[in-house]
Amino acid sequence: ILPHVKLLPYENKWIEYIAAPCIVVIRNVFHELKIDDASKLIHEICMFLPKDSVVLLQDMTTLPSAEKMRAGWLGIHLANIFEKGGIRVNHTPDTSKRGVDVFLIEGQRQNICELKEKDIRKLLISARKEQLNILSEKYSEIEEKPNNELPLSRLTHDIAAISLALKNSGETDFGGET
């Protein structure tokens, strides 16, 4: 199988290398993409992958340790975006052996993508805003309990990272700041 595997870097025109149904694997890197880069990647997958191609996206909902300006995604949000882009998906949340919340999105290209890149960007921003609200509510709940410094610091980091990502995307109205 190895002679048939091509590892393609994420850069412009990578999609030109793909001509037949294929498998695209995105593993433990999606949380590192800026919103604009994520919308471009999802748009290219939804628009240009040959019919019946498979997408496997595995990442973390909560990062095991803080990464500068990074926060995990809620997998269900990404699954919904891929679905709207013509990829039939199966979303599986899980917990790793190390206790990290992870998810797997298994998708297969079925329909023509009707979404433009700007539409996907709006959906990603909306997903981040919803996640920010969820994290802010969790923060408020945990803040009231004594001896919760670690969960509070993780939530504070994720809230700050998501808020910064939204701000860097030009969003000014997103609340959730602690």
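See the structure printed just above.
Residues numbered from 1 in each chain as written. Predicted model: local features only at pLDDT ≥ 70, side-chain atom pairs only at ≥ 80, totals over all residues. Heavy atoms only, no water.

Undergrad: Would you take a moment to explain the nonpolar core for this structure?
TA: Grouped burial of nonpolar side chains is what soluble globular proteins tend to show. Grouped together as the largest cluster of nonpolar side chains are 37 residues, with contacts concentrated most on F30, I42, I45, L57, L78, F82 and L124. Listing elements by their share of this core, those giving two or more residues are β1 (23-27), α1 (35-48), β2 (54-60), α2 (75-84), β4 (101-109), α3 (117-143) and α4 (149-168). Of the residues forming this core, the biggest block, 7 residues, is contributed by α3. In this view, L78 contacts F30, L57, W73, F103, I105 and L124; residues no more than four positions away in its chain are not counted. (Core = buried A, V, L, I, M, F, W, Y, C linked by side-chain atoms within 4.5 Å. Buried < 20%, exposed > 50% of the residue type's maximum accessible area, 1.4 Å probe, protein only. Helix = DSSP H or I, 4+ residues; strand = E, 2+ residues; numbered from the N terminus. Contact = heavy atoms within 4.5 Å.)

Undergrad: How should unusual backbone geometry be read in this particular structure?
TA: Even without being a glycine, N28 presents a positive backbone phi close to 55°. By the element assignment, N28 lies in the loop between β1 and α1. Phi at M69 takes a positive value of approximately 60°, unusual for a residue other than glycine. Its place among the elements puts M69 in the loop between β2 and α2. By relative accessible area, which is 45% here, M69 ends up partly exposed.

Note that every value here comes from positions in space, so none of it alone points to a role or purpose.
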